[in-house]
Amino acid sequence: MEPQCVTDLARIVASHEFAKSVLFHSHQVNLHALDAIVRGIQGGSTLRGFAEVSNQLRNWTRELHAAVSALTELSAQQVHLFSDFVKKRRLITLLTAADGGGDESAALRASVGRQAAELEAAALELKRLRRRVRNALEDLVQLGLMARVLSSAAMIESMAGDTEQRSELMHVSKGFAERSEQIADLIRLMLRNDKELSA
């Protein structure tokens, strides 16, 4: 396999792994949100806003999970299609090199022609799939921005309780913020990998 193909395949696989890490962090945010909802409800009317923001964060994790699941499916398809594309290209190279001009030449050229047509179709499919991956990544960027807004709102709402509650809620809010940043970092890495893929 050519070096660029290996690099591109490695980037696709790395993005797939980053997406799985995003899922892990979203599950952690979901657990923090459940804990925060319970604390907010226990805090009564003064912490109702915190409970509501926590519930919104929980809903956000569902959206994120759905978006990342769709992206991981697309990236798995991308790995499969890209591998097939590289195999077809390599087969064409081998068939072309095997053409010695003898009696088999016509059959080899016909085979190369069929393989070239399949390669062209695979290239178009890869292009369409890359557009879908980019769109899915852009959706993730938007969800990442939403996470920052929600974690900031949780920080603000955590100030509503008494001193003991405030300390506990600030801890939970910091957990939201840390996980949100980790998710945003992973999304940035996936975007960078996608942009660095060869055309």
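Summary of the structure given here. (Residues numbered from 1 in each chain as written. Predicted model: local features only at pLDDT ≥ 70, side-chain atom pairs only at ≥ 80, totals over all residues. Heavy atoms only, no water.)

## Considering the pattern of salt bridges
Quick reminder of the rule: What counts as a salt bridge is simple: a side-chain nitrogen of Lys or Arg found within 4 Å of a carboxyl oxygen of Asp or Glu. Only runs of H or I of at least four residues qualify as helices and only runs of E of at least two qualify as strands under DSSP, and these elements are numbered from the N terminus. In this scheme, a residue with accessible area under 20% of its type's maximum is buried, one over 50% is exposed, and one in between is partly exposed, where area comes from a 1.4 Å probe on protein chains only.
Within the structure shown, the criterion is met by nine salt bridges. Arg11 serves as the salt-bridge partner of Asp8, at 3.8 Å between the closest nitrogen and oxygen. Of this pair, Asp8 and Arg11 both sit in helix α1 (residues 3-42), separated by three residues, roughly a single helical turn. The residues Asp8 and Arg11 share a single accessibility class, namely buried. Residues Glu196 and Arg11 are paired through a salt bridge, measuring 3.2 Å at the closest nitrogen-oxygen approach. With Glu196 in helix α4 (residues 163-196) and Arg11 in helix α1, this residue pair connects regions lying 185 residues apart in the sequence. Glu196 gets classed as partly exposed once you look at its relative accessible area, which sits at 36%.

## Considerations on the packing of helix α2 (residues 48-98) against helix α3 (residues 105-157)
The cut-off we apply is this: Only the stretch in contact is used when fitting a helix axis, every axis being a line fitted to C-alpha atoms; angles between N-to-C directions are given from 0 to 180 degrees. Under this scheme an angle from 65 to 115 degrees is roughly perpendicular, one under 35 degrees roughly parallel, and one over 145 degrees roughly antiparallel; angles in between are oblique. Should the near helix be turned counterclockwise from the far one by less than a right angle, the crossing is left-handed, whereas a clockwise turn marks it as right-handed. Gly is put with the polar residues, along with every residue not named as nonpolar or charged; the nonpolar set is Ala, Val, Leu, Ile, Met, Phe, Trp, Tyr, Cys and Pro, and the charged set is Asp, Glu, Lys and Arg.
It is at 7 Å that the axes of α2 and α3 come closest, and there the two elements cross at 160°. With respect to each other, α2 and α3 are oriented roughly antiparallel. Handedness of the crossing formed by α2 with α3: left-handed. In the contact of α2 with α3, the residues fall into 34 nonpolar, seven polar and eight charged.

## Comments concerning the environment of Ala153
When you line up the elements, Ala153 lands in helix α3. A relative accessible area of 24% means that Ala153 is categorised as partly exposed.

## Thoughts on the nonpolar core
Put simply, the rule reads: Within this scheme, the nonpolar core is defined by two criteria: the residues are buried Ala, Val, Leu, Ile, Met, Phe, Trp, Tyr or Cys, and they are joined through side-chain atoms within 4.5 Å. Should any heavy atoms of two residues lie within 4.5 Å, those residues are considered in contact.
By size, the foremost hydrophobic cluster in this structure holds 48 residues, and its most contacted members are Leu57, Trp60, Leu64, Leu71, Leu140, Phe176 and Met190. Those residues in contact with Met190 that sit more than four places away from it in its chain are Ser15, Phe18, Ala19, Val22, Leu71, Leu137 and Leu140.

## Remarks on the environment of Gln4
Inspection of the secondary structure assignment puts Gln4 in helix α1. With 193 residues separating them in the primary sequence, Gln4 and Leu197 have C-alpha atoms 8.9 Å apart.

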